[in-house]
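Here's the letter readout for the chains.
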Amino acid sequence: MTTAQALVAFLARQYTERDGRRHRLISATWGIFGHGNVAGIGQALVEAGNGTRNANGTRNGDGHGNRTRPRMPYLQGRNEQAMVHAAVGYARQSGRLSAHAVTTSIGPGATNLVTGAALATINHLPVLLLPGDTFATRPADPVLQQLEVPYAGDVSVNDCLRPVSRYFDRVTRPEALVPAALQAMRVLADPAETGAVTLALPQDVQAEAYDWPEEFFAERVWRVRRPAPDMAELEAAVRAVRSARRPLIVAGGGVRHSGAEETFAAFTAATRIPVASTQAGKGALRHDHPADVGGIGHTGTATADELARTADLVIGVGTRYTDFTTASGTLFENPAVRFLNLNITGFDAHKLAALPLVADARTGLEALTSALAGRGYRIDPAYETEYTGAKEAWEEQVEAAFTTPDPTARPTQTQVLGLLDTLVTEEDILINAAGSLPGDLHKLWRTRSRDQYHVEYGYSCMGYEIPAAIGVLLATRTHERPRPVWALVGDGTYLMNPTEIVTAVQENLPLKLLILQNHGYASIGGLSEAVGGERLGTAYRHRDPDGGFTGPPLPVDLAANAASLGMRVLRATTVDDLRKALAEARSAEGPTCVYVETETPDTVSGPPPAQAWWDVPVAETASRPAAVTAREEYDRRVAARRHHL
């Protein structure tokens, strides 16, 4: 077998197992073919069950008389970065227990993987990258698309993937595939290490034949561990919780990755400790759970952020504590505040000089719940009354932002979310990643199920939404009927990466694409104004006579573009139009786009302002008044930053 054939056959026999349930580890392979992978991985995928019928009408086998080999389904993408995003969406929806591989040619096909790889690794989501590489044997030097590095003959463009991969290897001999493939699977299945894994495959090695050991193709089960906490760390954690008067939980993505939602709900029911959530952790509790106080940090709710300012113990569960969560080190103001971090990685568990509780989220919460129950711990009822009252007050602001009093008016962005809020059930999944929508969603969205809220904010990557929605649909299409999956995008995000609409059409996936047209980068426009950048380059408008971009909006028709790629498009101009279009899209059986131009919230209720700071440095010296004023505010804010030691 060739190296590529052996790799595909190996991947088809890898499984994960957690809690007694087995999953295919690599369930499909995305690919765009070029000269660097078409004769290797491309040919191997044909033999793995993706070929056409032979002249006699039979399906292609594996070329070696073996028709019992497991299939490796092939998925056709249009953009290499987008294929990784689709694989990440699939992995997240699959609980990190099943993943996709992505194969590309050499050169630009390989370097296009870098952004998606960074997103996967930052979010701790598994994806296997199989970029082609230049000849290992160097028959001609340089070959097409080869990067020549004068000081190192063994460097190729694929080395760009090293810093964004959790494991990287270049397979320069067929026999080197055996240890490389095993290490790749180990990392993909390890909940503490997982992320992007790269096996760079020189194009000649892919096509080279080798006599492989039969044991290489045996079924392997990689057990996804649930490490229990160290007893000394658990005792320290119990003492910290029992001594706290104003504890606050920060729920991160680790709650979801562990499948710990029920255990988490039991812990909060027993202790009544309020729960704030990061973007990745939103949905750890339903929005109507008494202990849920909403998002935390720069895009959080007033309820959660006020609790954070007075908390004496912050219990992080599966969170990385990014600057949005900590308000750039200014949010946790209590001089006596301490941190207790339950995390599967020691790296994250020790952040903010915390007491570490290194364990799987579910296992750790079970142990902590049991230990506290034996000692009768529960927060002061007055504290519970305080935060539940604050939560009710915040809900009034949510209602004001969602309300659409005039059905004939053009809706604001938050009113669009309000209309969607009235329509969805716990079945629906919302996907977003960048712009102003993540802030509005984090503050306002009422999450109804553990996996409804799918906002990628570890890398905040524009262009993630459409391909990720395809990945989620692929992960859920085994259900009796497909779950409604919504990709929410602004016009700036849409223009970044609309190509996978073609994939949704090809696969007849019932993607619901909601395009909000606001003629530019709304989020960065507001930030630019706040830091003295005066909104330069943030509007999609014609140039004015002075060289700026304040002319009429560009005559770009995104709805027509989506239609040209094969989607059914529903245009909405008013609140009433939009309500009907959203309902029609939700019930559609094929890929459907709802397009709406939104109103700026100048005269109607918009989203509540940021409830906490975010550090974006402002020019220390400037001649323009906007920047001078912004710097004064920056100096005031940055003075409140502290290190938690």
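Residues numbered from 1 in each chain as written. Predicted model: local features only at pLDDT ≥ 70, side-chain atom pairs only at ≥ 80, totals over all residues. Heavy atoms only, no water.

Asker: For the pairing of strand E19 (residues 511–517), give the residues involved together with the corresponding values.
Answerer: Most of E19 is tucked away: 7 of the 7 residues are buried. The alternating pattern of E19 places Leu511, Leu513, Ile515 and Gln517 on one face and Lys512, Leu514 and Leu516 on the opposite face, and all of these are buried. Relative to E19, strand E18 (residues 485–490) runs parallel, the two being bridged by 6 bridges. In the sheet register, Gly490 faces E19, and the bridge partner there is Leu516. Across 6 bridges, E19 lies against strand E21 (residues 592–597) in parallel orientation. Along E21, the bridge assignment pairs Gln517 with Glu597. (Buried < 20%, exposed > 50% of the residue type's maximum accessible area, 1.4 Å probe, protein only. Helix = DSSP H or I, 4+ residues; strand = E, 2+ residues; numbered from the N terminus. Pairing = 2+ DSSP bridges.)

Asker: If you had to explain a nonpolar patch on the surface to someone new, which residues and values would you point to?
Answerer: A cluster of nonpolar side chains, namely Leu495, Leu554 and Val556, defines an oily patch on the protein surface of about 220 Å² accessible area. Of note, Leu554 is situated in the loop between helix H21 (522–530) and helix H22 (558–564). (Patch = residues over 30% accessible without salt bridge, like charges linked within 9 Å, V, L, I, M, F, W, Y side chains within 5 Å. Areas by Shrake-Rupley, 256 points an atom, 1.4 Å probe, with all protein chains shown as cover. Salt bridge = Lys/Arg side-chain N within 4 Å of Asp/Glu carboxyl O.)

Asker: Could you give me a rundown of the sheet that holds strand E14 (residues 338–343), with the residues and numbers involved?
Answerer: Here 6 strands make up an open sheet; going across it, the order is E12-E11-E10-E13-E14-E15 and the pairing parallel. For this open sheet the edge positions go to strand E12 (292–295) and strand E15 (355–358), each flanked by a neighbour on one side alone. Each strand axis lies, on average, 20° off the axis of its neighbour in the sheet, ignoring direction. In terms of strand pairing, strand E13 (residues 313–317) meets E14 through 5 bridges, oriented parallel. (Axes fitted to C-alpha atoms, helices over the stretch in contact; angles between N-to-C directions.)

Asker: Explain the sheet that holds strand E6 (residues 127–133) residue by residue, including any values.
Answerer: Across the sheet, 6 strands lie side by side as E4-E3-E5-E6-E8-E7; this open sheet has parallel pairing. Two strands close off the open sheet at either side, each with one partner strand: strand E4 (74–76) and strand E7 (167–170). On average, each strand axis in the sheet is tilted by 20° relative to the strand beside it, whichever way the strands run. In the sheet, strand E3 (residues 26–31) pairs with E4 via 3 bridges, with the strands oriented parallel. Across the sheet, residue Thr29 finds its bridge partner in E4, namely Tyr74.

Asker: So, the pairing of strand E2 (residues 21–24): which residues are in play, and what are the values?
Answerer: Sheet topology note: the strand E1 (residues 14–18)/E2 ladder contains 4 bridges and is antiparallel. Bridging across to E2, Glu17 finds its partner in Arg22. Linkage of E1 to E2, two consecutive antiparallel strands, is achieved through a turn of 2 residues, within which Asp19 is found at a positive phi near 55°.

Asker: Talk me through the pattern of salt bridges; I want residue IDs and the actual numbers.
Answerer: Going through the model one piece at a time under the given rule, you end up with 41 salt bridges. Here Asp19 and Arg226 are joined by a salt bridge, their closest N and O atoms 2.9 Å apart. Here the residue Asp19 occupies a position in the loop between E1 and E2, and Arg226 occupies one in the loop between strand E9 (220–223) and helix H8 (231–243), the gap between them amounting to 207 residues. Take Arg226: its relative accessible area is 18%, and that puts it in the buried class. The closest approach of N and O atoms between Glu261 and Arg450, which form a salt bridge, is 3.0 Å. Of this pair, Glu261 sits in helix H10 (residues 261–271) while Arg450 sits in the loop between helix H17 (437–444) and strand E17 (453–455), and the two are 189 residues apart along the sequence. Where salt bridges share partners, they join Asp19, Arg226, Asp360, Arg362 and Glu366 into one cluster.

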